[in-house]
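# Descriptive analysis of the structure
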Amino acid sequence: MFSVIHFEGKTPGPRVLITAGVHGDEWLPMRVVRELARWLAEDEALRGALRGRLTLIPVVHEAAFRRGHRCGPEGKDLARTCPGRAEGGETERVAHALSAQIQAADFYLDLHTGGRDLCVTPLAGYGLHRDAEVLAVQRRMARAFQLPLVWGTSAELEGRSLSVARDARVPAIYVEYLGGVAEQQEIARGVTRDHPCVQGCLNVLRELGALAGEVSGAVEPQVIEDARPESGHMQVCHPSPVTGFLRPLVELNRWVEAGEPLAEVEPLEGGPSAVVTADQAGLVVVRREVPQINAGDAVAVVAQSFPAA
Ligand SMILES: [Zn+2]
């Protein structure tokens, strides 16, 4: 199924689960979790500072990894398949096993990138949980990760690892960190213990009392919370009207006004390019990077705060 690595603390404390590789083409977080596991295995002092039980799963969906693809062999996205089925196909079985791990945890961190197609500004995100206590812990965890952006979105999205955590009332965050060529360049430079995602995991453990010490780092993240029902669903924002060749017209992490062009797409069949414009003002947090795009694929995600209705 997948490899699970446990570290037992010397003193009692929370059970924390950290996963990567829910999607098979998001390689940087897999390296991050493996690096974290190596560090803990080698460093007695760090291991000695652990409390409770830390569970690491570096590559959740190995079949998707083997394909080098977001989805499993039957074309299923694990993050739309949770809680899965024990008797189902490959991705359903992985979803089922992952859900059991999440339900057995007190806190959960799920690490992602934009994969091969998208690039995401480094952010820690969570669902705007109906339970104020769970939500407050998620906000603390997201801030402690020490990335420039904290993004709270609809808690109503189904099929995700975070939907399982939501239903089990396990406080959970997800992390997005680049994707596309930027992610590959970062992996080529080497994913070391100094990497912001390795440090971010340790900081969340400290915040939760699962690791001795104080949260280190001075990042004051920008916080965006959007309570609208489909917020946080990155694959449907600003769809291209045609299949063709994509040219992005905005930089990641820039503020755009409503109506500003995000990208142009030259149709495969020829004819004039279609321009996709921002449907709201906000920060460009996701940008499609690959030049090939199908009609209906997202070109960008623009994030802005919207209060609960
Ligand atoms: Zn992902």
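Scroll up for the structure.
Now for a quick tour of the structure.

What counts and what doesn't
- Residues numbered from 1 in each chain as written.
- Predicted model: local features only at pLDDT ≥ 70, side-chain atom pairs only at ≥ 80, totals over all residues.
- Heavy atoms only, no water.
- Helix = DSSP H or I, 4+ residues; strand = E, 2+ residues; numbered from the N terminus.
- Rg over C-alpha atoms; globule rule 2.2 N^0.38 Å.
- Buried < 20%, exposed > 50% of the residue type's maximum accessible area, 1.4 Å probe, protein only.
- Contact = heavy atoms within 4.5 Å.
- Areas by Shrake-Rupley, 256 points an atom, 1.4 Å probe, with all protein chains shown as cover.
- Lys, Arg positive; Asp, Glu negative; His and termini not counted.
- Charge placed at Lys NZ, Arg CZ, Asp CG, Glu CD.
- Phe/Tyr/Trp six-rings, centres within 6.5 Å; stacked < 30°, edge-to-face > 60°.
- Lys NZ or Arg CZ within 6 Å of the ring centre and 35° of its normal.
- Polar contact = N/O pair within 3.5 Å; in protein donor to acceptor, adjacent residues only side chain to side chain.
- Core = buried A, V, L, I, M, F, W, Y, C linked by side-chain atoms within 4.5 Å.
- Disulfide = S-S within 2.5 Å.
- Donors = N, O, S within 2.8 Å, 3.2 Å for Na, K, Ca; no water.

### Side note on the overall build of the chain
The helix and strand inventory of the chain stands at 8 helices and 15 strands. Against the compact-globule benchmark of 19 Å for 309 residues, the chain has a radius of gyration of 19 Å, which places it among compact chains. On the principal axes, the C-alpha backbone points of the chain span a range of 65 × 40 × 40 Å. Buried residues in the chain amount to 54% of all 309 residues. Taking the contacts inside the chain whose residues are at least 6 apart along the sequence as the reference set, 74% of them involve residues at least 24 apart. Surface exposure of the chain reaches about 13,100 Å², of which carbon and sulfur atoms provide 52%. Side-chain charges of the chain comprise 31 positive and 40 negative groups, with the mean position of each set lying 4 Å from the other.

### With respect to the packing of aromatic side chains
Taken as a whole and judged by the stated rule, the model has 0 aromatic pairs. One cation-aromatic arrangement involves R228 over F306; the distance from NZ or CZ to the ring centre is 3.8 Å.

### Quick word on the side chain of S163
Residue position: S163 is located in helix α6 (residues 161-167). A polar atom in the side chain of S163 sits 3.3 Å from the backbone nitrogen of G159. Leave out the neighbours within four places in its chain, and S163 touches L157 and E158.

### Section: the nonpolar core
I18 and F145 are the most contacted members of the largest nonpolar core, which totals 47 residues. Elements with a minimum of two residues in this core: β2 (11-20), α1 (27-42), β3 (51-57), β4 (107-112), β5 (118-127), α5 (132-144), β7 (172-178) and α8 (196-207). At 8 residues, α1 tops the list of elements feeding residues into this core. In this structure I18 touches V33, L36, L54, T55, L56, I57, L109, L111 and C201, once residues within four positions along its chain are discounted. One finds L78, A105, L283 and V286 within the second-largest nonpolar core, a separate group that totals 31 residues.

### A look at the state of the cysteines
For the structure on display, the rule yields 0 disulfides. For C82, which is in no disulfide, the shortest distance to another cysteine sulfur is to C71 and amounts to 13 Å. For the unlinked cysteine C237, the closest cysteine sulfur is that of C119, found at 16 Å.

### Considering the coordination of the zinc ion
Each donor-metal-donor angle in an ideal tetrahedron of four donors is 109.5 degrees, and each such angle in an ideal octahedron of six donors is either 90 or 180 degrees. Only H23 (ND1), E26 (OE), E26 (OE) and H112 (ND1) from the protein reach the zinc ion as donors, at distances of 2.0 to 2.3 Å. For the zinc ion, all donor residues lie on one chain, and their spacing in sequence is H-x2-E-x85-H. Of the two residues, H23 sits in the loop between β2 and α1 while H112 sits in strand β4, which places them 89 residues apart along the sequence. The exposure classification of H23 matches that of H112, with both residues buried.

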